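A look at the structure
This is what each chain is made of:
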Amino acid sequence: MTFLQRLFGKAPTDLEQSDPNGIETAPLDPKTIDWAALSNHTLVGTSQSTGVERAHNEDALFSLLGSSSGENSVPNFGLFVVADGMGGHRSGEVASALSVRSVAHRLSADPLLQLFDLNGSADSLPVQDLVRRALQDANKSVVSKVPGGGTTLTVVLVLGNQMTIGHVGDSRAYVLTQHETKVVTRDHSLVNRLVELGQLTEAEAAVHPQRNVLYKAVGQGANLEVDVETFPVPKNGFLLICSDGLWGVVPDKEIERIAWGADHPQAACDELIRAANAAGGPDNITAVLVYFPPT
Amino acid sequence: MKRITKALGDITTETSQLGQLEPGVTLQDRYLVLALHGAGGMSSVYRARDLHFPNVTKTVAVKEMINMATDPSMHEMIIRNFEREADLLATLSHPAIPRIYDYFTHESSSYLVMEFIDGKDLEAVLQESDDFLPEDQVVKWAIELCDVLDYLHHHKPQPVIFRDVKPSNIMVDGYDSIRLIDFGIARIFQPGQKGTMIGTDGYAPPEQYRGEASPPGDMYALGATLHHLLTRRDPRAEPPFSFSERPIRDINENVSPELEATINAALSYDPADRFPTAEAMRTSLMALAQETGILVSPRTAASAGQPRNEIQEVWSFECEDEVRGSPLVVDGVVYVGCYDNNIYALDAKTGDFIWKFATEGGIASTPASDGELVFVASEDARMYALSADKGTLAWTYYAGGPIRSSPVVSEGHIFVGADDARLHVVNMFNGSAAWKQEVAGPIRSTPLIVDDRVYFGCESSDFYCYDFRGELKWRFGKARRGITSTPILIEGMLYFGSMDWSLYALEAEAGWQIWKFRMGRPTISSPVFSEGRIYTGCADGRIYAIDSKGGREIWHFQTEHQVTGSPTIFEDSLFCGSVDGSMYCLDMRSGRKRWQFQTGGPLTGTPTVSDNRIYFGSNDHRVYALLT
């Protein structure tokens, strides 16, 4: 059953009953709805799994999508966060959850509320500074409240046609277009650094026993240097944010195939998690997939 | 999920109860807290008075370890770490290591009482200085650091590896001597399920990431610290072990090659390639200090005398007044406006005069052309359309004030801003006004036209986006001074400079400010883009290369005076003039100078490249053509 059939398949029988408000509606014939019209909107899917080998889930995710249309409408807004916690005594799950809440609080308060300000004159910081501070605030919270705990933190703030990415650790943000699939974040892992230095090959890195050792993470010290960059949103393409439970297990080619092959980002996300578990599910798995329309 | 929320709530309450010690509190009936001196992640340092010496003021430093761990084993571990620091310090005696006086635990906190060092740490020294630290100063500190590290490495019964050499752990006291502080680095991270987290540093050697600690590791961290002090590039902001990608002398050419070589040796990836002992590095530093004489004469006279021209001109043409604007080159002809009120047409190959046309005011802008007609705007408040071949007048357009913005041709219209606070849109063929838009101040920025939208800055400090019907799409009002710089649009992002000392990056659809890069003075230079970088000039005399996605400086090049013109990129070269009178050619990727061409007056315009030649005007009244 395709996504559209699932969505609209039962609709005629349901809609034939009288509407509670007394407004008459005509049932939609699923065949008349074309996918292209639907895909004029930004679509998002999220999925998470503890995996096969782990007893606890230390990953956390957050997704908020605002769409609007009309003359002089509010620009598109999206906030997507993935955090992969680490540390004993359950401090990993506390660190990741705390970080996600801290970032969501900070970034929904400032840029989101300002979107609706008709005067638009509020004196706010540049978007990159807001994102950087949001991650640094999360870091302060974790340092003071969860000693010994830490987390990766990848935050994507979409405003209009630009997305600003704040990143620490080895979760990843991918951009998938018709032409290519590329990682737009840098893994702050020791092994990746050794690959960059030419001391290890990609193949050696993939099986290196210390591939989980990070040189930068939230919760390590008072000062946190955050990677912050802004990219145009991929038109008719995807943004994928995921923890290493996905990218370390499912090859990029397979991720690409699943994203483009599914009817909806939600179906693709579920499929990505299934693929990671089918490959052994050695770690917690989190995926957020956002589709951006062509125009 | 519920359980986690509750746990967090508990911790929050506990944290707020802890807080920091207030001045006036006395600990152990002995140490009167005077002020908070500094605070780190898990500890605070207070300046305190030792009341056992009632007749004199004996100032001590009290370091408080705040233990917020709720888990009993974690709590215990933090206390043990702190005790270890106390025990270690108690056995050390060296002038560069603070003495320890006391150690005690009170309620949930532990305290170390130490010698109070009246001074600043090197991170603060670096932050407070505007320029590179002098080499002789850094070498003196380095020698002292080698001395104390050598003492630690030869400590009995067991060598001490400091493991955390970095600017913020090195104090400079009132006698300009260095002191090592913070021996509490042995931070142990709980080996979690995911893996082990290790020091953030940037200063830490590669082998420390494998848990190895040895004297060469401290030498690496010392090398990293010296690299930071001499280049001002914070290694924490860079990938680990990437010092070789930032050679010291590329960034700070005043550093001697000998010192660079010594630091590079300390920074070798393989510990076996480094100095085996601190004493060996100290010897090397002493030798170079004597050889280069830096301990005697700190400065080298590098920029004395008139720079010689390293490149020959192809031709130059003399006008009757200053050439402040920028030339346009079309079909083998150079069109350039001049403060003698004329626009000149010159043969691009030979510099021969073809025609000139007299306006009634100086010309500060760049002409535009559609091939048939040449459009030129003048401070006489008029815009002229001239035939490209003979310079005969086709039409004249009257604005309400001087025009310093440059005309732009698009869709059969000319767009130009004027000092009458209007954007003028003029029919290209007959010179009639299509529409005008009044804004908050004079427009000297040249409009940018992309996809039926017009973007321009204003002297009022506003930046506007209008559509082709003259309807306002958005306005950006967060700059604090005028915007004279001409915007560029790359992948949906707008970049422009402001007189408020900043370069702005805005999302073009709605005018969201994405980042802001602060420079040393106002800027009216217009940015250019190439290979993911934005290049711009500034009145602080610098030409900057800035990462377009992150708003970080990649390099800057210092000229001798303001840079008011804009850079031009050709292949991998960047050309930019300065008010110091020189045209500079820099390697676009590194910012290193390839050549410099000195003219007889300030350069305020933007060079134009065509057919492997570069054309520009100077305030010495001449128009120059050079080979690129």
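Because the structure is predicted, anything quoted here is derived from the model rather than measured. (Residues numbered from 1 in each chain as written. Chains lettered and ligands numbered in written order. Predicted model: local features only at pLDDT ≥ 70, side-chain atom pairs only at ≥ 80, totals over all residues. Heavy atoms only, no water.)

Across its full length, chain B holds 8 helices and 41 strands. With 628 residues in all, chain B has 55% of them scored as buried. Contacts in chain B between residues at least 24 apart in sequence constitute 46% of all its contacts with a sequence separation of at least 6. Per element, the accessible surface of chain B, about 26,400 Å² overall, is 48% carbon and sulfur. (Helix = DSSP H or I, 4+ residues; strand = E, 2+ residues; numbered from the N terminus. Buried < 20%, exposed > 50% of the residue type's maximum accessible area, 1.4 Å probe, protein only. Contact = heavy atoms within 4.5 Å. Areas by Shrake-Rupley, 256 points an atom, 1.4 Å probe, with all protein chains shown as cover.)

Let us look at the sheet that holds strand β33 (residues 542–547) of chain B. Residue and element names in this part refer to chain B. Read across the sheet, 4 strands follow the order β31-β32-β33-β34 without closing on themselves; strand pairing throughout is antiparallel. Two strands close off the open sheet at either side, each with one partner strand: β31 (528–530) and β34 (553–558). The sheet shows a mean angle of 20° between the axes of neighbouring strands, taken without regard to direction. Across 5 bridges, the pairing between strand β32 (residues 533–537) and β33 is antiparallel. When the bridges of β33 are listed, I534 appears paired with I546. (Pairing = 2+ DSSP bridges. Axes fitted to C-alpha atoms, helices over the stretch in contact; angles between N-to-C directions.)

Attention now goes to the nonpolar core. Most often, soluble globular proteins have nonpolar side chains that are buried together. Core analysis: the biggest nonpolar cluster contains 64 residues, and L222 and M281 of chain B have the highest contact counts within it. With 10 residues, helix α4 (residues 135–153) of chain B is the largest single contributor of residues to this core. Dropping the residues within four chain positions of it, L222 of chain B is found in contact with A142, L145, C146, L149, V165 and M281 of chain B. In terms of nonpolar packing, the next biggest core, distinct from the first, is built from 43 residues, F77, L153 and V155 of chain A together with A505 of chain B among them. (Core = buried A, V, L, I, M, F, W, Y, C linked by side-chain atoms within 4.5 Å.)

When the terminal C-alpha atoms of helix α5 (residues 127–145) of chain A are compared, their 27 Å separation across 19 residues agrees well with the 27 Å that a helix rising 1.5 Å per residue should span. The set of residues buried in α5 of chain A consists of V127, Q128, L130, V131, A134, L135, A138, N139, S141, V142 and V143 of chain A. (Expected span 1.5 Å × (residues − 1).)

For the rest of this paragraph, the subject is the sheet that holds strand β26 (residues 472–476) of chain B. Residues and elements named next belong to chain B. One open sheet holds the 4 strands; their spatial order is β23-β24-β25-β26, and the pairing between them is antiparallel. Where the open sheet ends on each side, the last strands, each with one partner, are β23 (448–450) and β26. For this sheet, the mean angle separating the axes of adjacent strands, direction not counted, is 15°. Judged from the 3 bridges that link them, β23 and strand β24 (residues 453–457) form a sheet pairing that is antiparallel. For L448, the partnering residue across the bridge sits in β24 and is Y455.

Here we come to the packing of aromatic side chains. All names here are of chain B. Under the counting rule described, the total for this entry stands at 31 aromatic pairs over all chains. Measuring from ring centre to ring centre gives 6.1 Å for Y220 and F243, while their planes differ by 70°; the resulting arrangement is edge-to-face. Here the residue Y220 occupies a position in helix α5 (residues 215–231), and F243 occupies one in the loop between α5 and α6 (248–251), the gap between them amounting to 23 residues. Judged by its relative accessible area of 1%, Y220 is buried. Where F317 meets F353, the ring centres are 6.4 Å apart and the plane angle is 15°; that geometry is what we call stacked. A residue pair is termed long-range when its members are at least 10 positions apart, and F317 in strand β10 (residues 313–318) and F353 in strand β14 (residues 353–358) qualify at 36 residues. The buried category is assigned to F317, whose relative accessible area is 14%. Of the residues examined, F353 reaches a relative accessible area of 43% and is grouped as partly exposed. Taken together, Y455, F463, W474, F476, F496 and Y504 form an aromatic cluster joined through their ring pairs. The side chain of K58 reaches across the aromatic face of F53, ending 5.7 Å from its centre. (Phe/Tyr/Trp six-rings, centres within 6.5 Å; stacked < 30°, edge-to-face > 60°. Lys NZ or Arg CZ within 6 Å of the ring centre and 35° of its normal.)

Residue and element names in this part refer to chain B. The final tally for this structure, using the stated rule, is 41 salt bridges over all chains. Where R30 meets D50, a salt bridge forms, and the shortest distance between an N and an O atom there is 2.9 Å. Highlighted residues: R30 in the loop between β1 (26–27) and β2 (31–39) and D50 in strand β3 (residues 43–50), separated in sequence by 20 residues. For D50, a relative accessible area of 2% translates into the label buried. With its nearest N and O atoms 2.9 Å apart, the salt bridge here joins E318 to R622. Separated by 304 residues along the polypeptide, E318 in strand β10 and R622 in strand β41 (residues 622–627) bring together distant segments of the chain. (Salt bridge = Lys/Arg side-chain N within 4 Å of Asp/Glu carboxyl O.)

All names here are of chain B. For chain B, per-residue confidence averages 84 on the pLDDT scale, and 89% of positions sit at 70 or higher. Taken together, the stretch residues 185–200 has pLDDT below 50 and engages in 46 contacts with residues farther than four places along the chain or on a different chain. With pLDDT under 50 throughout, residues 295–307 is counted as low confidence; its partners more than four residues away or in other chains account for 7 contacts. (pLDDT = per-residue confidence, 0-100.)

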